[in-house]
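Letter by letter, the chains look like this.
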Amino acid sequence: ISAMVSSALAAPVLAADMTVGFSQVGSESGWRAAETSVAKSEAAKRGITLKIADGQQKQENQIKAVRSFIAQGVDAIFIAPVVQTGWEPVLEEAKDVGIPVFLLDRAIVVKDKSLYMSVVTADNVLEGRLIGDWLVKQMNGKPCNVVELQGTVGASVAIDRKKGFTEAIASTPNIKIIRSQSGDFTRSKGKEVMESFIKAENNGKNICMVYAHNDDMAIGAIQAIKEAGLKPGKDILTGSIDGVPDIYKAMLAGEANANVELTPNMAGPAFDALEKFKQNGTVPPKVIKTVTRLWLPADAQSQLDKKKDMGY
Ligand code: AHR
């Protein structure tokens, strides 16, 4: 990083002259689409040229995109890493040519933290914990069998969201996770996996709550619950993360119960940090945290109104 700092100081770059390459995960969820659209508007606001590569949920595509950004000599690279391991070689290539890398919304596991400048992320363990705490309170000692729809296997957010929820229910033996499987953060997979959970659990009658690592999977699950002749939000409670408009609509219809909001504006704080770094060498904090909040049906209308201006 220090070699990067001196080169940033030697030649300050104006935002309007900057090109940033963004290796995006894909378009698996409504939240992801909003993150991409906010990244575009945040870049436009600053006059930054943003090149986006869609990784279609595959790390190899993302690595190829990063290599291509390096070859093009961009001023910085943003990566929303689909999984948390396997990034060292390509990050070393970026470091060797002095291109700063920012991670958006998901973290990575690397020994050498200087391989990236900062990660802009929520506290993903807290997200899971908030849903778990809500459920513990809601159950008030009553038994509850939970089915879990996990995010993409190997993604930091899926690992952390599982951890937070599991920790929150750990000391309440009345609440148990009875089934857990990945729905890959998509609506269709969430529905499919929920259908199989329902079949396996006495047509859903053994299930008290579905904990989905994102809203799209929860919305798929809600559909599956309805198709099984049960009432989502009542017969089977739901808790999920993101805050996409459809989950607040489901809350207003009484079909969803708890939601943790994740801001889609991950690029804005990264652009701010990058601009300062390129202007005067200010090294940003390693982790730039976004705000995490739990919302309940009483908040759904105001959340829905708020979302209109947020890239959805
Ligand atoms: O990394 C953030 C997660 O990725 C979002 O919660 C989910 O919707 C997306 O696919």
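If you're wondering where the values come from, they're calculated on a predicted model, not measured in any experiment.

Engineer: How should I be thinking about the sheet that holds strand β7 (residues 175-182) in this particular structure?
Structural biologist: Hydrogen bonds between backbone groups are what pair the strands of a sheet, and the pairing can be parallel or antiparallel. Here six strands make up an open sheet; going across it, the order is β7-β6-β8-β9-β10-β12 and the pairing mixed. The strands lining the two open edges of the sheet, one partner per strand, are β7 and β12 (293-295). For this sheet the average axis-to-axis angle between neighbouring strands, irrespective of direction, equals 20°. Pairing analysis gives four bridges linking strand β8 (residues 209-212) to strand β9 (residues 237-242), with the strands arranged parallel. Directly across from Ala-212, in β9, lies its bridge partner Ser-240. On top of the sheet, helix α7 (residues 187-200) reaches β6 (144-150), β7 and β8; it is set at about 150° to β6, its chief contact.

Engineer: Any chance you could explain the pairing of strand β5 (residues 118-121) here in plain terms?
Structural biologist: A regular strand places its side chains so that they alternate between the two faces of the sheet. Of the two faces of β5, both are covered, the one formed by Ser-118 and Val-120 as well as the one formed by Val-119 and Thr-121. Where strand β4 (residues 101-104) and β5 come together, three bridges link them in parallel fashion. Looking at the pairing, Leu-104 lines up with Val-120 of β5. Here β5 pairs with strand β11 (residues 287-289) via three bridges, running parallel.

Engineer: Got a minute to help me understand the site of the ligand in this structure?
Structural biologist: In the vicinity of the ligand lie 13 residues, with Ser-29, Trp-31, Asp-105, Phe-185 and Asn-214 positioned nearest. Class assignment of the residues belonging to the shell around the ligand gives a composition of five nonpolar, two polar and six charged.

Engineer: Looking at this structure, I do not really get helix α2 (residues 30-46). What am I missing?
Structural biologist: A turn of α-helix holds 3.6 residues, and therefore any two residues three or four places apart point the same way. The terminal C-alpha atoms of α2 lie 25 Å apart, and with 17 residues this matches the ideal 24 Å at 1.5 Å per residue to within 8%. Of the positions making up α2, those classed as buried are Gly-30, Trp-31, Arg-32, Ala-34, Glu-35, Thr-36, Ala-39, Glu-42 and Ala-43. On the buried face of α2, the contacting elements are β1 (19-24), β2 (49-54), α8 (215-227), β9, α9 (245-252) and α10 (267-280). Backbone geometry just downstream of α2 places Gly-47 in the positive-phi region, at approximately 80°.

Engineer: What exactly am I supposed to notice about the environment of Glu-201 here?
Structural biologist: Locating Glu-201 in the fold gives a position in the loop between α7 and β8. In the structure, Glu-201 is positioned 143 residues away from Lys-58 in sequence and 33 Å away in space, judged by C-alpha atoms. Glu-201 has contacts with Asn-206 and Ile-207, leaving out every residue within four places of it along the chain.

Engineer: Help me understand the sheet that holds strand β3 (residues 76-79) in this model?
Structural biologist: Pairing in this open sheet of six strands is parallel, and the strands run β2-β1-β3-β4-β5-β11 from one edge to the other. Every other strand in the sheet has two partners, leaving β2 and β11 as the edge strands with one partner each. Here the average twist between neighbouring strands, direction ignored, is 20°. Lying over the sheet, α2 contacts β1 and β2, oriented at roughly 165° with respect to β2. Where helix α3 (residues 59-72) meets the sheet, its contacts fall on β1, β2 and β3, and the angle it forms with β1 comes to roughly 170°.

Engineer: Would you mind going over the packing of helix α5 (residues 124-139) against helix α6 (residues 156-169) with me for this structure?
Structural biologist: Describing two packed helices takes the angle between their axes plus the distance from one axis to the other. Closest axis-to-axis distance for the α5/α6 pair is 6 Å, and the angle between their directions is 35°. Relative to α6, α5 is oriented so that their crossing is right-handed. Residue-level contacts link Asn-124, Val-125, Leu-126, Glu-127, Gly-128, Arg-129, Ile-131, Gly-132, Asp-133, Leu-135 and Val-136 of α5 to Ser-156, Val-157, Asp-160, Arg-161, Lys-162, Lys-163, Gly-164, Phe-165, Glu-167, Ala-168 and Ile-169 of α6. When grouped by side-chain class, the residues that make up the contact of α5 with α6 number nine nonpolar, five polar and eight charged.

Engineer: Is there a simple way to think about the UniProt feature "domain: Periplasmic binding protein" (unreviewed entry) in the protein chain in this case?
Structural biologist: Here the UniProt-annotated "domain: Periplasmic binding protein" (unreviewed entry) positions come out as residues 21-260. Annotated as residues 21-260, this span is 44% helix and 21% strand, and its ends, taken at the C-alpha atoms, are 29 Å apart.

Engineer: Can you walk me through unusual backbone geometry in this structure?
Structural biologist: If a residue is not glycine, its phi is most likely negative; likewise, a peptide bond is most likely trans. At Asn-202, a position not held by glycine, the phi torsion is positive, near 50°. Inspection of the secondary structure assignment puts Asn-202 in the loop between α7 and β8. Non-glycine residue Asp-242 carries a positive phi angle of around 140°. By the secondary structure assignment, Asp-242 is in strand β9.

Engineer: Can you walk me through α8 in this structure?
Structural biologist: Here α8 is 13 residues long and its end C-alpha atoms lie 18 Å apart, about the 18 Å a rise of 1.5 Å per residue gives. Among the 13 residues in α8, ten count as buried, and that is most of the element. Of the positions making up α8, those classed as buried are Asp-215, Asp-216, Met-217, Ala-218, Ile-219, Gly-220, Ala-221, Ile-222, Ala-224 and Ile-225. If you follow the buried residues of α8, they end up packed against α2, β6, α7, β8, β9 and α9. After α8 finishes, the residue Gly-229 shows a positive phi value of roughly 85°.

Engineer: Could you clarify how one ought to interpret the pairing of β6 in this entry?
Structural biologist: Taken across its seven residues, β6 has six buried, putting it largely inside the fold. Looking at chain direction, β6 and β7 are connected through seven bridges and run parallel. Paired with Gln-150 across the bridge in β7 is Ser-182. In terms of handedness, the path from β6 via α6 over to β7 forms a crossover that is right-handed. Two elements, β6 and β8, share four bridges in a ladder whose sense is parallel. When the bridges of β8 are listed, Glu-148 appears paired with Tyr-211.

The rules behind these values
Residues numbered from 1 in each chain as written. Predicted model: local features only at pLDDT ≥ 70, side-chain atom pairs only at ≥ 80, totals over all residues. Pairing = 2+ DSSP bridges. Helix = DSSP H or I, 4+ residues; strand = E, 2+ residues; numbered from the N terminus. Axes fitted to C-alpha atoms, helices over the stretch in contact; angles between N-to-C directions. Contact = placed C-beta atoms within 7 Å. Buried ≥ 20, exposed ≤ 12 C-beta atoms within 10 Å, placed from the backbone. Near = placed C-beta within 6 Å. Nonpolar A, V, L, I, M, F, W, Y, C, P; charged D, E, K, R; others polar. Expected span 1.5 Å × (residues − 1). Left-handed = near helix turned anticlockwise from the far one by under 90°. UniProt positions renumbered as here; feature names shortened; annotations may be inferred. Right-handed = clockwise from strand over helix to strand, strands pointing away.

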